[in-house]
Each structure stands twice: as structure tokens, then as C-alpha cells.
Amino acid sequence: MAIERTFSMIKPDATRRNLTGAITKMLEEGGLRVVASKRVWMSRREAEGFYAVHKERPFFGELVESMSAGPTVVQVLEGENAISRNRELMGATNPSQAADGTIRKSHALSIGENSVHGSDAPETAAQEIAYWFSETEIVG
Ligand code: DAT
Ligand code: MG
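Treat the numbers as computed from the prediction; the structure is a model and nothing was measured.

Looking only at helices and strands, one finds seven helices and four strands in the protein chain. Each helix and strand of the protein chain, ordered N terminal to C terminal, gives the series β-α-α-β-α-α-β-α-α-β-α. Since a compact globule built from 140 residues should have a radius of gyration of about 14 Å, the 14 Å found for the protein chain is in line with a globular shape. Positive and negative side-chain charges of the protein chain, numbering 16 and 19 respectively, have mean locations separated by a distance of 4 Å.

It is worth spelling out the nonpolar core at this point. When a protein is soluble and globular, its nonpolar side chains tend to lie buried together. Of all hydrophobic cores here, the largest spans 19 residues; its most connected members are Phe7, Met9, Trp132 and Phe133. Among the elements of the structure, strand 1 (3-10), strand 2 (33-40), helix 3 (44-50), helix 4 (60-67), strand 3 (72-80) and helix 7 (122-132) are those that each provide at least two residues to this core. Top contributing element to this core by residue count: helix 4, with four residues. Filtering out sequence-adjacent residues up to four positions away, Met9 remains in contact with Met42, Phe50, Tyr51, Met67, Thr72, Val73, Val74, Ser115, Val116 and His117. Core analysis: the second largest hydrophobic core is formed by 13 residues, Leu19, Leu77, Met90 and Val116 among them.

Another aspect to go through is the UniProt feature "domain: Nucleoside diphosphate kinase-like" (unreviewed entry) in the protein chain. The sites that carry the UniProt feature "domain: Nucleoside diphosphate kinase-like" (unreviewed entry) are, in the present numbering, residues 3-140. The span residues 3-140 shows a helical share of 40% and a strand share of 20%, and its end C-alpha atoms are spaced 11 Å apart.

Every residue lining ligand 1 is accounted for by Lys11, His54, Phe59, Glu62, Leu63, Arg87, Thr93, Arg104, Ile111, Gly112 and Asn114. In this structure, an oxygen atom belonging to ligand 1 sits 3.0 Å away from a side-chain N or O atom of Lys11. Within the complex, 79% of the 520 Å² of free accessible area of ligand 1 lies under protein. Grouping the constituent residues of the shell around ligand 1 by class yields three nonpolar, four polar and four charged.

Attention now moves to the pairing of strand 3. Summarising burial for strand 3: eight of the nine residues are buried, a large majority. In this sheet, strand 3 lies alongside strand 1 in antiparallel orientation, the contact comprising eight bridges. By the bridge assignment for strand 3, Ser8 is matched with Gln75. Here strand 2 pairs with strand 3 via seven bridges, running antiparallel. Note that in strand 3 the partner of Ala36 across the bridge is Val76.

Before going further, it helps to examine unusual backbone geometry. Positive phi, normally seen in glycine, also occurs at Asn18, with a value near 60°. In this structure, Asn18 sits in the loop between helix 1 (12-16) and helix 2 (20-29). Among the residues examined, Asn18 registers a relative accessible area of 68% and is labelled exposed. A positive phi angle is found at Asn81, which is not glycine, with a value near 45°. Since its relative accessible area comes to 24%, Asn81 is described here as partly exposed.

Cut-offs applied
- Residues numbered from 1 in each chain as written.
- Chains lettered and ligands numbered in written order.
- Predicted model: local features only at pLDDT ≥ 70, side-chain atom pairs only at ≥ 80, totals over all residues.
- Heavy atoms only, no water.
- Helix = DSSP H or I, 4+ residues; strand = E, 2+ residues; numbered from the N terminus.
- Rg over C-alpha atoms; globule rule 2.2 N^0.38 Å.
- Lys, Arg positive; Asp, Glu negative; His and termini not counted.
- Charge placed at Lys NZ, Arg CZ, Asp CG, Glu CD.
- Core = buried A, V, L, I, M, F, W, Y, C linked by side-chain atoms within 4.5 Å.
- Buried < 20%, exposed > 50% of the residue type's maximum accessible area, 1.4 Å probe, protein only.
- Contact = heavy atoms within 4.5 Å.
- UniProt positions renumbered as here; feature names shortened; annotations may be inferred.
- Near = heavy atom within 4 Å.
- Polar contact = N/O pair within 3.5 Å; in protein donor to acceptor, adjacent residues only side chain to side chain.
- Areas by Shrake-Rupley, 256 points an atom, 1.4 Å probe, with all protein chains shown as cover.
- Nonpolar A, V, L, I, M, F, W, Y, C, P; charged D, E, K, R; others polar.
- Pairing = 2+ DSSP bridges.

Next comes the structure, spelled out in C-alpha cells:
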């Protein structure tokens, strides 16, 4: 198995409910290591850029609104198969379909306010890490 890095965000619905530590603990106990982390309140423009792949989707306006509605914690996670491991720990996009024990099953409020983001492939992980972090901010 390969050691990988992935990009993760603890979304505003979760920071608002003081769940940064609880969610980070689930990631760490799931075998991932936080090698970069910072709290950011993203602008609408930053949210639009980050989620540009979804700009034609009907929920895009709502997504940009909710992501810029409060502070977010952006993180780089490292570990074996970190990209797929993080997706497993997160659970399905819609929390009503997420497996027991996943972050979204435990904490998400709805499909729109689903507490966490995680990259879905090596290419998006690299892009998303570079969108929020410089190399010197990542300390493995
Ligand atoms: P994921 O975050 O699991 O990778 P995605 O990439 O399909 O899911 O969508 C990105 C985010 O957009 C998702 O976390 C929440 C929001 N979203 C997706 N589908 C939605 C819907 N049907 N209604 C409202 N928000 C939605
Ligand atoms: Mg996605």
C-alpha cells in the first residue's frame, strides 16, 4: 500500500457546533495523520473557485453560500491509501445513506451541511492541497 496525501475540510456546519476536535479524532483514529492544518473563513470567490467543478449543478449557489457562512478547517492528511481511507471515514455524501460509525453518519445535518470534504482522486487531492497550502506549510 502507498503512503498518500489527501485534502480534507471540516465545514462551517461542523466548526459552528465545535466539532473540530471530534472530527479530527475520528480521522486520526482511522489511521490518518494531520500534516497541515489551518482555520480559514473562505470568501464566496474562494468557495466558487474551490468547487468550480460543480458550477453547473443546481445546488451550486447553496454550496457556495454554506461554505462561506463561517470558519472552515482545511487540512492535509497523510497515510496509507489516504484518499480512499478518508472517503471511507467520511461516509456517503448524503448522511442518511452513510454507514454507521462514519463522520457524516455521526455528525452531518443534511446533504448540504455534511460536515466534511475529502478529495476523491490523486489529481483532485494535488489540486486541492495546492489551492489552500504552500509546500512550506505541510510538515510531514
Ligand atoms: P462529496 O462531498 O461527497 O465529494 P460531491 O462532490 O458530489 O460530494 O458534492 C460536493 C458537495 O456539494 C457535497 O459535499 C454537498 C453538496 N451537495 C452535493 N449534492 C447535493 C445536493 N443534492 N443538494 C445539496 N447539496 C449537495
Ligand atoms: Mg466531491
